[in-house]
Structure formats: C-alpha cells, structure tokens
2 protein chains.
Amino acid sequence: MTAQARDHRRLANAIRALTMDAVQANNSGHPGTAMGMADIAEVLWNDFLRHNPGDPDWPNRDRFVQSNGHGSMLIYSLLYLAGYDLSLDDLRRHRQFGSRTPGHPERGITPGVETTTGPLGQGFATAIGMALAERRLAEEFNRDGFPVVDHFTYVFAGDGCLMEGISQEAASLAGTLGLSKLIAVYDDNNISIDGEVGDWFADDTAARFRSLNWNVIAEVDGHDPVAIRAAFEAAHASDRPTLICCKTIIGFGSPNKQGKEESHGAPLGAKEVALTREALGWDYPPFEIPGDVVAGWDGREKGARMQAEWERMFAAYGKSHPELAAEFRRRMKGEPSPALAKLVKEEAAAILGKPAEDQPLRKASSRIAGLMTKAAPELVGGSADLSQSTLAWTQASRSIRPGDFSGNFVHYGVREFAMSAMMNGMAAHGGLVPSGATYLVFSDYSRNAVRLAALMKLRAVFVYTHDSIGVGEDGPTHQPSEQLVALRAIPDFSVWRPGSELEALIAWDESLRREGPSAMVLARQGSKGVDHRPGDDEKIRKGGYVLSDPENGAAPDLVLAGTGSELSLVRQAAARLEAEGVAVRVVSVPNANVFARQSGDYRSSVLPRHLPTIVVEAACSFYWYQFLGERRRIIGVDRFGESAPGPEVFSHFGFTVDAVAEAARNLLAENGGATAAPA
Amino acid sequence: MTAQARDHRRLANAIRALTMDAVQANNSGHPGTAMGMADIAEVLWNDFLRHNPGDPDWPNRDRFVQSNGHGSMLIYSLLYLAGYDLSLDDLRRHRQFGSRTPGHPERGITPGVETTTGPLGQGFATAIGMALAERRLAEEFNRDGFPVVDHFTYVFAGDGCLMEGISQEAASLAGTLGLSKLIAVYDDNNISIDGEVGDWFADDTAARFRSLNWNVIAEVDGHDPVAIRAAFEAAHASDRPTLICCKTIIGFGSPNKQGKEESHGAPLGAKEVALTREALGWDYPPFEIPGDVVAGWDGREKGARMQAEWERMFAAYGKSHPELAAEFRRRMKGEPSPALAKLVKEEAAAILGKPAEDQPLRKASSRIAGLMTKAAPELVGGSADLSQSTLAWTQASRSIRPGDFSGNFVHYGVREFAMSAMMNGMAAHGGLVPSGATYLVFSDYSRNAVRLAALMKLRAVFVYTHDSIGVGEDGPTHQPSEQLVALRAIPDFSVWRPGSELEALIAWDESLRREGPSAMVLARQGSKGVDHRPGDDEKIRKGGYVLSDPENGAAPDLVLAGTGSELSLVRQAAARLEAEGVAVRVVSVPNANVFARQSGDYRSSVLPRHLPTIVVEAACSFYWYQFLGERRRIIGVDRFGESAPGPEVFSHFGFTVDAVAEAARNLLAENGGATAAPA
C-alpha cells in the first residue's frame, strides 16, 4: 500500500472509531456497514464529492444517499467530519430520544441527509429519482456557459438493497434512460442478517447490471483507495449509470467480528472495541479525533469555494437570463407557482358558472392537472404504464425519453414501487413536484415509498384511479376496497377523493401548496355532475362540509354523506328523499384526513352526532365510525369485489339510488321517522 | 413451415378465435396476449403438459400459471379445449357477473386455474413457490421407484411481469436454489400499455436471467412450433430453472392491430374480428370449434391415462410405504395434522398450570411455532433475512439450501414480496403450510401478495414481529403504526395480535385450521406475563373476550381493553385502579377481525356500549370506534414514531401504567365517576 493509501486509511479509521464508539455508548446500532464502507466513503467524500458543509441546501451540490441506512453511523460520521452542523455530542446521542442522529438517517432531522433511508432498496431508487431530476432541471435551466444544474448523484447500497425488487425496477429504468451522472456503489460484503448470502443470493450482480445497460466496474477492492479512486474516475467518464462493485469486509478492523454477521447489527462490545482500536492503530479515546485527522476531513473551506464559484456563475446567469434565474430560485425554494393561484381562482369561477358535467372523476382531475402543468412547470407527471387509462397523460404532457429529458412526463413502466420512490427522489432533490399514477389497488405495491414521502414531508402527488368496485369487469384483483382506508391511515398523508370537478380543482391546489404528500383517488367510471354554490371552493379546503341543506330552511331529519363517485349518488338519493318530504342534508368529505383535523365543533356542525346519518363510500367501512354517533349506517365494501360490468357490481353491493334511499328510510324509521310527513 | 407446424397453427387459432369472440361478445377484455401466446401454449399443452382435465386436483399434475393474467382468455380457452369442466357458455359469459371466466383468472372459480393472477409479477413468483413445494415434497415423499411427486411448473410471463421488482426477487432466489423443474416463458412482444417498451424497458432479459443462474433459451420464435418444442425439450434437460424468451406478435393474426398496443386491452371490433378470421383462415362462426380441432385438443383420455399410471404407482407405494402414503394423502387434502389437536390441548393445560412468564411475545409465539412444526411436518417456515430477530427460526428449523430441499425453513433473503407470493405458491400447490416472517412495518412491501392469499383463501401464516413503536432505537422507518389497521382491512384476512402465550397458542392453532391466511403480529420487546383462567383458551377463539371482571363480583365501572403487548399494560393499570376502588373489567382482543364477526349481542356483552371504555393499542386508533359507544378513549399511535430506547418511546406516547390509569380516572370523572368510592 502506498503512503497515500496509508493516509486514507487513517482518515477512514476515524469513521470506524466514531461508529464503534457511538454504537457502544448507546448500546444499540449497526457498526458493520460503516466500518466496511469507510475506505470507500473517505475517497468519495475527500476526493470527489462536490458539496458545501456550510450550506446543505446549495442547489448544485452532489447528492449523496446511503441506501443501506442501518449503517447510519457512516453518514453521521461523514457529516460530522466534513464539517456539517453536527457535533460530537450529537454522535454521542446516536439513537437517543430527540437526537439528531436517529437509528436510520432521516431527512429533516440531520443537516446533509438528503433522504430518509432504512427500508431497504428505497434509497437506491430515490437516488435514481434525484439523478433524473438533475437531468430534467439541467435541460430546463442550463444555458451556454451556464451549467447551473450539473452534479452527480452517489448512492451506497448493500446486498439487502439489491435483493429488494425495487432495486431492479429503478435500475432498469435508470439504464434505459441513460442516467449517466448516477454512480452507485455496491457494498459486496457477502453478509446479510441471516449470515453468508450464498445460500439465498448468488446473483452475478455485475452481469445483472450490465444487462440493464449500466456501466459496471467489477471486483474493486473496497479497502484500496487507489482502486476506489480509479473506479470513481471511470464512473465519471461513463455515458451510462455506473455500478461500482466493491468487495468489502463488514466490520473491517474488528479482529474477531469482521467478515461476520455479528458485526452487523449489535455493538461490538467493550473488549472487541479495544481490540479493534489496537488492530487499526487508533490510539485515541472514544469520540476523540486527532488534529491531523480533523484537518484531513474538514471540507468547509473547499465547499465554500465550490459554492462561491457556482454563485458567481449564477450571478452572471441572472444577468443574462434574469427570468430563468428567478424561476430557478423559486423552484429550488419550493415556492408554489404564482400562476397557480390565479388559475385556481379563474377555474373555480368558471366551474361555478356553468352546470356540472357528467364525467368520470379521473377525467375531471386530468383536465385540471393539465391546466396546472401549464401554469406550474415544476410539475412532472408520470405513470406506471397506465398513462392513458389513468389519464395521467394530459394535454400538457411531453414524454421524457432516453437521451431526451426535456419533457415533463415519465413513463415509469410497470414499476409502481420504483415510481413512488423516484418521485420522492425528485421531490427531495428540489425544483420539481412529481405526480405519478397507477390504479388504486396497486398502491399496495408501493406503500412503503408513500410512507417515506409522508415521513419526509415531500411534496408529491400520488394519483390513484380505478378507485373502487366500479372498475367492473377486471374483477377483484383490480377492484380496491381496503386501499383507501389503508392510505388514510398513513400519518401526515393527505388523501383526496374528490366528488366533483370543483373538488378536484381544490384537491390539486391544496396538494401543490402542501408541505407533504397527497393522494388523488379517482373513479374510473362516469358519474353525474355535482353542482356547487359560490363559496364551496373554500369549504372544500376543510376536507368535509355541508354541500346542501333542505331548501326550505327546515332542520334536516337525516344526513347523507358521500365521497368521490358516491357523492353524486348521495345527491340523487337525497333528491328522491326530499321529493318524499324528508329533510336531507348532503355532506361531502373529499378529504377525510383533513376533516379529521378540524375542530370537534366544526366536525359536529357538519355531521351532528344526534342526526341519523348514512355514509356512502365504495370502500372499507370501519373508517367512518370515528365521525358518527350511534344513529348511523355505513354503506361500504367490506369484501372482495366481482368481475362484471361496473354498474352491475355497484348495484350488487348496494350502491344505487334505490338502495341508498331505502337504507335512509329504514334508518329514519328506526329513529322515529322524519319530522315532515311524506309528500 | 412443416405440415406439423401447420396443424399446430390451426389448433392455436382456436384459442385466437375463442379469445376474440369472448372479448367481443362481452365488449370487454384483453385479446392481445392470448392471441400472441397461442402457438406457445398449444405446443406446451399438447406436447408437454402432464395434467388430467378430468381431475384438476391430481396431486402430481404439472402446474401451469399464467402470470400475465389480463390475457385470461388464453387459459380459459386452453382449459375449455383440453376438456376441463368449462363450457362454451362459460366462455361466452367472460367477465360477466357470477361467471366462471372472470376478468382475471381466479383460483377457486375456474377448474384448472392454479392461482389468481392479474397483479403483475405475482403469478411468476407464485409459480416459483410451487416449484419449491414440488422439490420439498419430492424430498419428503419420494422413495426408490416411487417418484410420487415429480412434476414441472410452467409459468407464462409478459413484459409487465418482468418489469415488476417481484420478478427479480423470485427469479434470484429460484436461480440460487436451483429450481430446475421451473420453466418460465417470456412473452417478448415489445408492447406494454404505454406502447413500444423501448423507452422504458430496454433490459437484455436473457443476460439478466443468466446472471441469476438461470438456463436461458433466447430468441425463440414464439410462432414457430418446431422452435418452441425444441426450447421446451432443452428446458426439461436443464439443471437450472429455465427462461424461454419467445419473440411474439401481440394480437397475432389481426391485420390492423397486431404488434400494437391497440390489441392489448380492448375488443378488436367486429370488423377487425372478421378480418382476423380471414387472415387466420378460420371460417367458423363465433364460439364454434370444428371437430378436428376439438379432437386435436382433447386431453382427457391422455390425462386420465397419465393419472391412472400414477395412481397405480401410488397404490404400490401405499403397500410398501403405508404411512408415507397416508401422510401424503392427508397433506394434499389439506387436513390439519391430528397431532396438533393433542398438542394444543396439552400445551393449553401446561400454560394454564403455571404462572405466566415475562417475555417478548415474539418469543412466546416462536416456542409454539417450534412445537407445532414438530407435530405438523407440513409447516415450512421462513423469513426475509430476519430469521433470528423475528425468531422465525425455531428449535425445529432446518434450512432449505441450494441442492438440499430436505429442510423446513426457507431463507428468502431480503425479499418480503417474493416471500409472500412464494408462500402463496406453496400453499396453492398443496401439501405444505408456509409461514414467513418479517418486521410488521415491511408488510407494506408485500401487501398485494397477502391480499391475493386472502382472495384465494390460502392457508398461510404471515408472521410480523417488531410490531409497534416498542421497536425503539431503529426509529420511525422501522416502527409500524398504520400497518395493523391496514392488514385488518384486508377482507377475509385473519389478523392475530396475541397478548399472552396462551393467546399465541390459540392463534397458531386457529391459523393452521383456517381455510385462508392469517397474520401473527408480535412485539419485539418483553412484556409481563398475563395469567389466564381455565376456559380462556376457548374464549380466545372468539377474537375478543372478558379476561377479568372485578373480583368481588361488582358490576364494572370501566372497561380497559388491550391487544398484544398492551394487554399486560392494561392488566397492570387495572390492578392499580382496582386498588383505588374502581371496578374494572379487562378485555383482550387478540383478533379484532374475528371479534368483529361475532354476533352484536356477544360483542356488546364483552364491550357494553354504555360503559366508559379505554382501548390501548400501540397502533393507528380509528379502527376501534366501530366497537365502542360514546364513552370512550383510545390510546393509540396516530403519527410516526421516534428513535429512542423502546421504553422511552412508549412512555412518550402515553403507554405507561401511570398514563393509562390517569386516562381512566379522567374518563370516569367525565362520566360521573366510579360507583365505588376510592379506597
């Protein structure tokens, strides 16, 4: 090993020491990965990574993602050593309550952590979304002499990440699109939690990635800085995404536990820590880093210089392209497009000014999404191979294709999970607001990515059409019932199920203003238009509201509440009952999550607990009990659907005007009848 | 083309005609795939597939799975033509209410359909589970001269299946294990719903599968019977799983729509159907199959002969190995092991006979699973790389390894989705009852497979440990909150969250008796033992029951209900309140799905609606309102967790004896106080 390599090793050993010490101090954590990848990380961070520890938000920084997030002490050590706003005390409190160094890296908690990782494979796919965002923004903003968006995306991944199917989905799309500024490092340490991987993971990973159109640099010694440096240099020169396969030793340095699963997920133990210090030649007490090592790592000055160069270039760009520069600043800050507010106001007026049209709600939503895409160029649509049937493809859509990133629509292929994680990556990168569509039932394929979007509070819109048994002939495999409630259960997720064009408009508007992800749940089948009154547009923002009360001003005998495609059904049933002399209130709940967060007084004013109430929603019913008193009936779908034309299925499950009206009469009769006599 | 090839084509055209006609007649369906794969299917079914249309349950039949299930008219046509109990009238009613030919193939609806497909990629993974079951059962039951289990598993898959990540997970494991009797056919037609796939799917699929240790037969003309036949012959000779890559033309035969997305998911139209008939030289009216074609397809006689040969062999086997033969029959019928009933009785008595032990519920469950595995050799455990931390690995576990299928434990690797779908395949194959473990939060990776298990009513046990914020330091990415309610929402899924060793015993017992899948949701952290009284074992089977009422026979002032690890917490809080003179009922709800199905009277007898009631469950709370009257408080977790030691997190979220007791006092005070004066 050269003298240079020895210096590298000493720097890398700082990561190993901090990792051992933090895990030992808190008696919890995963030392193996950080100790195994320390040499690779040292070369990447000190020789290649363009970033500024003083400004983690520098728009043109390289993105670094540690997909094998359990080894979080790697990234925490790197951030501390490079000079980010993270202290030794923060490291000392690894995995303790309220610390900035939680068990897995969390975006928003630790400066410099680009995305929350831990659920395996997702950091890898999220990084690919970041790399796609970089290409898309470069296409939009770069001008001759002004490469304002021009950075690499690096991702570290372990065996677990590459076993997860999402890695295949994302890698296949990255290879197809040719995302050449993506560089992934595979930590090939031959160990997963069950032990040596040979009995369950015998892929030729290099060949696999070559088959996906990647540039693969195989058989790199992950403990040889010279080899590592050469690999990154080759990766930079590639016209395809690169996978660097590094052979490493998990828990490197631990005389008795390296190369074994024992070093993966538990403290090494005080005795082994001491032996490891000795083996590494690391003579310092816990959490003490000697001055030469501190100096060797400190990236603040270099980072500030890099960013200053970029800022100078950007200032010149601002002079020659002032509008582009202003737009770039707005976009990277995540400020909503000013054109949106105007559009929403005008569209609301237009919708309120004409009779509502009978149409599928997916179509109503699609028209609005198209208008918004024109008003807000940060919107990047897409679909998991269902562009036409979800109507995700709008009048404003232009395809992003291999070698052409100028479009605004991603054809993700049949890859719901990668789509969702890549959307997270685009949102986390900044500058873009992704939406992506599939059928509601297939939200199940991607739930954990949606969960991470919510945990990270990323602005992204998950569009789910074909939202109930109304799907019809495709049958129970394609008819969701439990998915709606399952999505509503995700904390901090905003689930819209608009029942009218106006509700779809407000749903999109709120979704694009919100800090955090939203879902747009939309029916495939047509439904009758629902007319609104002025002011409804603001009421919709409360998630649930009184759509209509009895015309004559009478107190309602009964409440009929509905969402999505069932809102028009409820409206029709109400008209029938009103003709019979029943005083009916119609309530619409386009976003039950938002409604649930309103004050108890407001909720009771909309759904008075004493009034007989029927909720109609073609989905799992138990969600609704929280809002209702004892006089209630929920018409829902608590079993699997049926393959038959949609109207027949709806009828079979009791979603007809007749059935809702009859249920209402029965509920009223059980509760003393209507106050008004039947007409 | 040879004369033989021309005969093949005529037979294959029967599939094309039936497909066009059924889709046209019902104005709904997917003609393209069936028309494209007809030639391949014809060769496979007429020259290779060993099956008996007269007995779809023949244990040693080859398994055939159509993973690209949208093209269901392919399998329906095949089943009809081969002579299964399926009529032309059934085909005429494709996708109509109550028909036996629903939109996607559904196990249990159509004789000969081995597994429900449609959600892409899953049929492929499920077939791999079947192939694994075959190897495992062969190892267990075959004896010299008696290959009672010796069949192939065939699966057809399209571009969509291979884009889905689950295909990677399952293919990687199949290659690693060397499942040589698995033969997959890739329908490489270059089309998915968004159009020609090149812009989103440019994998070298042959190279990809070679990298996964598959035998790949590339570039087969999927319309040339000679080439197809040669491919299957080569596949049969392989010592690895085989992928046959067939170039096909989607919608083959349709002059204006073949090779295009237009033929994928919509009727061709009357005019194009007529043109296609002409192009194919098919002169017969809709749904009419000429006599020579009927004869060419009829597989009943050959099938009956094959099965009769096998039955003769099995009869001889029964003479020389009577116990094995009886066991094989029992297993293939899915009858629970008689030893289980005895075991459960004895264990229940043993548990009731000693003080309850403080321990993690995952450990209590693991001990029982180990005992049951010894009593019921059909149990095959496994884990997605978490054998030790989930405690899925029991004292009875032996690994299944590449080339050694004698074990009873599958190391699935970090592949939750493939694990779940492969479990479905093992259960659908028959003879085995799979269980598979991961952390509860990662159930999200595999939900759609669990859903299919429920839709198919397969006996499988999904074990989910680390079931709440109690996970501790790993933080919010690893702490489930919404997963429990999301699983309970799946129709026909039985979700157990046992709170004691006795409840774990009954949960396993019920799960192994049930027709349909179950989940076992288990805490990582330790909890105090909960003592039971004789008879509780039977009460547990009702899903929810009164664990204890006030000792002095007083009517309860208050109900405290809990599940899982919170049951012991509730018990302790009750003891504290009782010491203060409050008369407390403690209710345990180890399976809310089962409890929900009890009569209203029973539910009210356990949870009287007028009594102040507190439910304590470290999960999303809204689930519980359905069971409660207006005097209620739910202590749940409706936001993301925190990275910190488990007890601190629990305390932060209000899961302590103090906090529960205080909530109880407050609720009582709001409702007029306890009837008894405080002590």
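Structural data are supplied above this passage.
Bear in mind that the values here come from a model prediction, so they are computed numbers and not experimental data.

Draft legend 1. View of the sheet that holds strand S9 (residues 379-383) of chain A. Residues and elements named next belong to chain A. Strands sit in the order S10-S11-S9-S12-S13-S15-S14 across an open sheet of 7 strands; the sheet is parallel. A strand with exactly one partner marks an edge of an open sheet, and here the two such strands are strand S10 (399-400) and strand S14 (494-496). Pairing of S9 with strand S12 (residues 433-439) involves 3 bridges; the strand directions are parallel. The partner of Ser-383 across the bridge, within S12, is Ala-437.

Draft legend 2. Fine view of the sheet that holds strand S17 (residues 545-548) of chain B. All names here are of chain B. Read across the open sheet, the 5 strands follow the order S17-S19-S18-S20-S21; overall the sheet is mixed. Two strands in the sheet have a free side with no partner beyond their single neighbour: S17 and strand S21 (632-635). Strand after strand, the sheet turns through a mean of 25° between neighbouring axes, direction not considered. Pairing between strand S18 (residues 558-562) and strand S20 (residues 613-616): 4 bridges, direction parallel. Paired with Val-559 across the strands is Thr-613, a residue of S20. Those strands touched by helix H21 (residues 565-579) are S17, S18, strand S19 (584-588) and S20, and its axis lies near 175° from that of S19. Those strands touched by helix H25 (residues 657-670) are S18, S20 and S21, and its axis lies near 155° from that of S20.

Draft legend 3. How the structure looks around the packing of helix H2 (residues 31-48) of chain B against helix H3 (residues 73-82) of chain B. Residues and elements named next belong to chain B. One way to put it is that H2 packs onto H3 with a least axis distance of 10 Å and a crossing angle of 40°. Crossing of H2 over H3 shows right-handed handedness. Between H2, through Ala-34, Met-37, Ala-38, Ala-41 and Trp-45, and H3, the contact on the second element is made entirely by Met-73, Leu-74, Leu-78, Leu-79 and Ala-82. Split into classes, the residues belonging to the contact of H2 with H3 amount to 10 nonpolar, no polar and no charged.

Draft legend 4. Expanded view of unusual backbone geometry. Residues and elements named next belong to chain A. Residues other than glycine seldom take positive phi values, yet Asn-27 does so here, at roughly 50°. Relative to the helices and strands, Asn-27 is located in the loop between helix H1 (3-26) and helix H2 (31-48). Taking relative accessible area as the criterion, Asn-27 reaches 57% and is therefore assigned exposed. A positive phi angle, close to 60°, is found at Leu-391, a residue other than glycine.

Draft legend 5. How the structure looks around the pairing of strand S13 (residues 461-465) of chain A. Residues and elements named next belong to chain A. For S13, the buried fraction is high: 5 of the 5 residues fall into the buried class. Going residue by residue along S13, you find Val-461, Val-463 and Thr-465 tucked away on one face and Phe-462 and Tyr-464 tucked away on the opposite face as well. Both S12 and S13 contribute to a ladder of 5 bridges, which runs parallel. Within S13, the residue paired with Tyr-439 across the bridge is Thr-465. Assessed by its sense of winding, the connection that carries the chain from S12 through helix H17 (residues 447-456) to S13 is right-handed.

Conventions adopted
- Residue indices follow the written sequence of each chain, beginning from 1 at its first position.
- Going through the entries in the order they are written, you letter the chains from A and number the ligands from 1.
- Totals for whole chains, interfaces and linings use all residues, but because this is a predicted model, local features are given only for residues with pLDDT of at least 70 and pairs of side-chain atoms are given and counted only at 80 or more.
- Each side-chain value is derived from all of the structure's non-hydrogen atoms; neither hydrogens nor water enter the calculation.
- Paired strands, in this sense, are two strands between which DSSP finds at least two bridges.
- The helix and strand labels rest on DSSP assignments: H or I over at least four residues marks a helix, E over at least two residues marks a strand, and numbering proceeds from the N terminus.
- Angular values range over 0 to 180 degrees, each being the angle between N-to-C directions of two axes fitted as lines to C-alpha atoms, with helices fitted over their stretch in contact.
- Only heavy atoms matter for contacts: two residues are in contact if any of them lie within 4.5 Å across the pair.
- For any helix crossing, the convention is left-handed if the near helix is rotated counterclockwise from the far helix by under a right angle, and right-handed if that rotation is clockwise.
- Residues are grouped as follows: Ala, Val, Leu, Ile, Met, Phe, Trp, Tyr, Cys and Pro are nonpolar; Asp, Glu, Lys and Arg are charged; all remaining types, including Gly, are polar.
- Only protein chains enter the area calculation, which uses a 1.4 Å probe; residues under 20% of their type maximum are buried, those over 50% are exposed, and those in between are partly exposed.
- With its strands directed away from the observer, a crossover is right-handed exactly when the path from the first strand over the helix to the second travels clockwise.

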